[in-house]
Amino acid sequence: GVQVTKRMRPNQRWGLVSVAMAAVAEGVSLTEVSARAYNVMIDRSYFALEKWVASRQIPSVSGKTNRWTFDDPVVVANEGERFSHAKWHGVLEAHVDGAGRVDYRGMAADARFEGYLKELAEADASRLAPLEQLALHLNAYNALCCSVIVRNEMPASILDLSTKEVAVWDAPAGELCGEAVSLTHIEHEP
């Protein structure tokens, strides 16, 4: 079983204690209490490891040129067309719960999701106001990230889609404004 030790941080000990107390209150066996506590430790360790790996794989933006600032009058001017993100908003409302968990299977089956991806592919960013372009790129990044996950049968982590040859961030993610793009391209190119 899992032992609560002094080497664990206080928040880890209390997390395990609360899991054990809840399990005992439910009347489950000590074996099941140990299994639940172990799963909590593994989940937290996996999350910490995934966060550490992602922090080293996600490209840095320091030193990049052509970055927008919100004190630039050209950026905040609202001249240009607007792009509707209504389908994407509807998809998120329907398939993301209050805790931020995504129902990727539901998203994949939602016709609005494919419709939104098609709209992203056909968009013309050059006709949009700067803040509309920013909204387009932010939403495109998130939608195409979800698309990558859906197309790859919902891996445990998006990082599992990286190969020795190419990181998931640099692999083709979909189409934006008539151009095949990677997530890195959306994030770093103007």
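Numbers given to residues run from 1 along each chain, matching the order in which its sequence is written. For a predicted model such as this one, the threshold for reporting local features is a pLDDT of at least 70, and the threshold for listing and counting side-chain atom pairs is 80 or more; totals across whole chains, interfaces and linings nevertheless cover every residue. To obtain the side-chain values, all non-hydrogen atoms of the structure were used and water was disregarded.

**What to know about the confidence of the model for the protein**
The predicted coordinates should not be examined in detail at positions where pLDDT is low. What pLDDT expresses is the predictor's confidence in each residue, scored from 0 to 100. On average, residues of the protein carry a pLDDT of 78, and 61% of them reach 70 or more. Model confidence for the protein, summarised as mean pLDDT per element, is weakest for helix H1 (residues 10-25) at 54 and strongest for helix H6 (residues 111-122) at 97. Two residues form a contact once any of their heavy atoms are found within 4.5 Å. Contacts for the low-pLDDT stretch residues 1-14, under 50 throughout, to residues beyond four places or in other chains number 16 contacts. Comment: elements are numbered from the N terminus, with helices defined as DSSP H or I runs of at least four residues and strands as E runs of at least two.

**Details of the packing of helix H4 (residues 86-95) against H6**
Axis definition: a line fitted to C-alpha atoms, limited for helices to the stretch in contact. Angles are taken between N-to-C directions and run from 0 to 180 degrees. Packing of H4 against H6 brings their axes to within 8 Å, and their N-to-C directions diverge by 150°. Relative to H6, the crossing made by H4 is left-handed. For the pair formed by H4 and H6, the contact residues are Lys 87, Trp 88, Gly 90, Val 91, Ala 94 and His 95 on the first element and Arg 112, Phe 113, Gly 115, Tyr 116 and Glu 119 on the second. The residue makeup of the contact of H4 with H6, split by class, is 5 nonpolar, 3 polar and 3 charged. Handedness of a helix crossing follows the sense of rotation of the near helix relative to the far helix, less than a right angle counterclockwise being left-handed and clockwise being right-handed. The nonpolar class holds Ala, Val, Leu, Ile, Met, Phe, Trp, Tyr, Cys and Pro. Asp, Glu, Lys and Arg form the charged class, and all remaining residues, Gly among them, are polar.

**Points about the pattern of salt bridges**
Think of a salt bridge as a Lys or Arg side-chain nitrogen and an Asp or Glu carboxyl oxygen that are within 4 Å of each other. Scanning the model with the defined rule gives 6 salt bridges in all. Of the charged contacts in the structure, one is a salt bridge between Asp 97 and Arg 101, with a shortest N-O distance of 2.9 Å. Accessibility here uses a 1.4 Å probe with only protein chains present; expressed as a share of the type maximum, an area under 20% marks a residue as buried, one over 50% as exposed, and anything in between as partly exposed. On the basis of relative accessibility, which here comes to 56%, the residue Arg 101 falls in the exposed class. Here Lys 118 ties to Glu 122 by a salt bridge, and the two come within 3.5 Å at their closest N and O atoms. Linking Lys 118 with Glu 122, this pair stays in helix H6, spanning 4 residues, or about one helical turn.

**As for the nonpolar core**
Put simply, a nonpolar core is a bunch of buried Ala, Val, Leu, Ile, Met, Phe, Trp, Tyr and Cys residues held in one set by side-chain atoms that sit within 4.5 Å of each other. One finds Trp 88, Phe 113, Leu 120 and Leu 136 to be the most contacted residues of the largest nonpolar core, which totals 30 residues. Every element with two or more residues in this core is listed here: H4, H6, helix H7 (130-151), strand S1 (172-176) and helix H8 (183-188). Ignoring any residue separated from it by four or fewer positions in sequence, one finds Leu 120 in contact with Phe 83, Leu 136, Ala 140, Ala 143, Glu 175, Leu 176 and Cys 177.

**Some details on H4**
Those residues of H4 not exposed but buried are Trp 88, Gly 90, Val 91 and His 95. The buried side chains of H4 occupy one side of the element, clustering within an arc of 160° when seen end-on. In H4, those exposed residues whose orientation departs by more than 90 degrees from the buried face are Ala 86 and Glu 93. Close packing links the buried residues of H4 with helix H5 (104-109), H6 and H7. Summarising the geometry, the arc corresponds to the directions from the helix axis toward the C-beta atoms.

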